[in-house]
Amino acid sequence: MSRVKTLVVAEKPSVARDLADALPGSFTNEETHYEGDEYVVTFAVGHLVQLVDPEVYDEKLKKWRMADLPIVPEEFKLAPRDAKAKKQLKAIHKLMKREDVDRIINACDAGREGELIFAYIYETAGIDKPVQRLWVSSMTKQAIREGFERLRPGEELQPLEAAARSRSEADWLIGMNATRAATIRGRAWVGGVVSLGRVQTPTLAMMVKREREIQAFTPEPYRLVRARFDPRYEGMWFEGDESRIFGDLARAEQIVDKVTGKDGTVEKMEQKEQSERPPLLYDLTSLQRDANRRFGFSARRTLQAAQSLYEDKKAITYPRTSSRYLSGDLVPQLKPTAETLLPIGDYAAGARYVLGLDQLPLQRVVNDARVDDHHAIIPTDVEHEVDRYSPDERRIFDLVARRFLAVFHPAARYQRTEVVTLVEEERFRTRGKITLEPGWRGVYGLESDLDKQAGKTADEDAGDESPELPKLEQGQSVKCVKAEFEDKQTKPPPRYTEATLLSAMETAGKRIDDEELREAMKDSGLGTPATRAETIEVLIRREYIERAGKELQPTPKGLQVITMLEEHPLTSPELTGDWEKRLSDIEHGSGDRKEFIKGIVDLTTQTVEQIAALDKEKLRPERVELGPCPRCGAETGEIIKENSRAYGCTSWKSREEPGCGYVIWKRVAGRTITPEVARQLIENGRTNEVLSGFRSKAGKPFRARLVLNDEGKVEFDFPARAQTKEPAVAE
């Protein structure tokens, strides 16, 4: 009689290989699995199975008609993703049905999606064999072996599977129905399929809202007054809480004349000690935010590097986590982990400090109640061969390693000084900051980038801070050596970067800077840490948003999609955040899956009805007019008007009657040319600034100013070699 074996199902081939390496005995490689004496280890390739398309339920649904919506299957059907998936699925099913296999271990990634990948494979196998769950947070051999010693019963993960199925079905219901309804209604104006989704649409809506605020913004001039004093220090004029002078701008000149050369007094001198605690450990979203701020990495690029450090290099723990805390069972591993950083020059001093502590400060670091599936991202307690890491992996590991060491260091301490100088009844404020004790910041070196690291941005007008101040006393006489004013303008709100968009997604659009408060919002964000990067990439692929340098901006197509759905609940980040909270409740066993799906069906029905009722005239996009045609407008009165693909002269009637032929295409080298950029080209013959977001034919990004040549064609003017002109290729 053949020996009874255990089948282990991993999520990826590379993970299956690692599992086989960690398990006892030798394994033979059988193409679709690894075979040993006790274990058979096989693998999915991500999602092998998916929910089927509507036409599988009913042939007539191949045609997209409003009358057939909403489509709500009584029971969701599953099918392989493609031919390659079908082949591997068949191989796994065959192994599952083998007579010598008496139990199955789900070793897919320990999270919501990993649970779903396995659940769909198991369901489509049509078997009934006991299932156990491998749950590990790092891929070191030791962690894998320990995981196999404490396997969890499959039933224990039932709530997680219910949440995963609910997420999948909700996305299908809303995505399929809303996309069909919006495409039927708006295809003519938006162009092509109008793709909508439970997470992508409210994310796009947040960006469109910001873009409209920018477009509607009218800059307002104001002035700042700065003064230099003897002994040497500077101050900025203020009145009440305001340091900016609006309206009566001449007042700034009057203040300058009034105080220059005059004696003054130190009216107030206040010194306060302040401390700043180390930031919490990283979850995936905060790691992606920091990598975007510091290195310009996209969320996806950070995830790829982190996933590789986890799977291939075994250097960090599971990255797709939403927790910034550690569980109590990890405490014995913390010092050994710090010890692995000791041989690496950059971390030696920080690691030495941590290892020298009799007792680690764990109050803020360890919190079992705040660890669900996985703890925060930290280095693993194995030797780190950083020379083998790719440049991206090295940078991400650096962030994780420094943050891990920093969290055990004391608070940074500062002395903040505020001086108010009175000259001729006008007050000037000066702020000084001296580091008394670098504390956790010493782990980073005191580079100027640290404010960004801690997630703080300086107010650009807070120019009244000088690090070193002369010795001053209250009541001391000083002299205003020089005063001058500066002309400024108010600025529109900034466009989202990936860092700020990830923050907004995490809090469903609410502005929350405090990281402890942000933690409390986690379950009500848009998407999950594991899916946010892909949501951004989906919006880019669908040409709803685009990268313009470090910024993300909606395209005209993206603006049109949200205009079409105006005020619909599907565009509401709060509503989607609420659905995410309900999914989280299902995951933790306190939510009702049937109730959730019923709510999603109601929302789907409401969405279809609202889109069906849209007035077609309202869908017609607003087309801007950019003034007289530079080529023929003076004689003919023709103007430059926007159409779906370009900004062109209204003398154009057809190919046979092309008119004067003046045109600026909307897409140039992969970048959308906005009405504002087209206006600059028409009025000045060049863009005001060097623009980012262009891509060469080889797909490489580049920056350039756009200029119009003598023939009215758009060319690139590169900043580094301003004399070189290349024709700009329209798409």
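Summary of the structure given here.

## Brief notes about unusual backbone geometry
In step 1: The omega torsion across Leu69 and Pro70 is 0 degrees, close enough to zero to call that bond cis.
In step 2: Looking at where Pro70 falls in the secondary structure, it is placed in the loop between α2 (54-57) and β6 (78-80).
In step 3: Following Asp230, the chain continues into Pro231 via a peptide bond in cis, with omega recorded as 5 degrees.
In step 4: With respect to the helices and strands, Pro231 occurs in the loop between β10 (221-230) and β11 (233-238).
In step 5: If you check the backbone angles, Lys314 has positive phi at about 55 degrees while not being a glycine.
In step 6: Mapped onto the secondary structure, Lys314 falls in the loop between α10 (299-311) and α11 (331-341).
In step 7: Exposure remark for Lys314: the relative accessible area of 17% places this residue in the buried category.
In step 8: The backbone phi angle of Glu425 is positive, close to 65 degrees, even though this residue is not glycine.

## Here we look at the pairing of β10
In regular strands, side chains alternate between the two faces of the sheet.
In step 1: Counting buried positions along β10 yields seven of 10 residues, so the element is predominantly enclosed.
In step 2: Alignment of β10 against strand β16 (residues 477-489), held across 10 bridges, turns out to be antiparallel. Residue pairing for β16: Asp230 is matched across the bridge by Lys479.
In step 3: In the sheet, β10 pairs with strand β12 (residues 245-246) via two bridges, with the strands oriented antiparallel. Bridge pairing in β12 places Arg223 opposite Ile245.
In step 4: Once β10 ends, the chain turns through two residues before running back antiparallel as β11.

## A look at the packing of aromatic side chains
In step 1: Counted according to the given criterion, the structure contains 19 aromatic pairs.
In step 2: Ring geometry for Tyr57 and Trp172: centres 6.2 Å apart, planes at 75 degrees, overall edge-to-face. Here Trp172 lies in helix α6 (residues 158-190) and Tyr57 lies in helix α2, a separation of 115 residues in the sequence.
In step 3: Overall, Trp172 belongs to the buried group, its relative accessible area being 7%.
In step 4: Through a chain of ring-to-ring contacts, three or more aromatic side chains come together here, namely Phe694, Phe702, Phe716 and Phe718.
In step 5: The ring of Tyr282 is capped by Arg403, whose NZ or CZ atom sits 4.0 Å from the centre of that ring.
In step 6: Between the NZ or CZ atom of Lys433 and the centre of the ring of Tyr414, over which it lies, the distance is 4.3 Å.

Definitions and limits used
- Residues numbered from 1 in each chain as written.
- Predicted model: local features only at pLDDT ≥ 70, side-chain atom pairs only at ≥ 80, totals over all residues.
- Heavy atoms only, no water.
- Helix = DSSP H or I, 4+ residues; strand = E, 2+ residues; numbered from the N terminus.
- Buried < 20%, exposed > 50% of the residue type's maximum accessible area, 1.4 Å probe, protein only.
- Pairing = 2+ DSSP bridges.
- Phe/Tyr/Trp six-rings, centres within 6.5 Å; stacked < 30°, edge-to-face > 60°.
- Lys NZ or Arg CZ within 6 Å of the ring centre and 35° of its normal.

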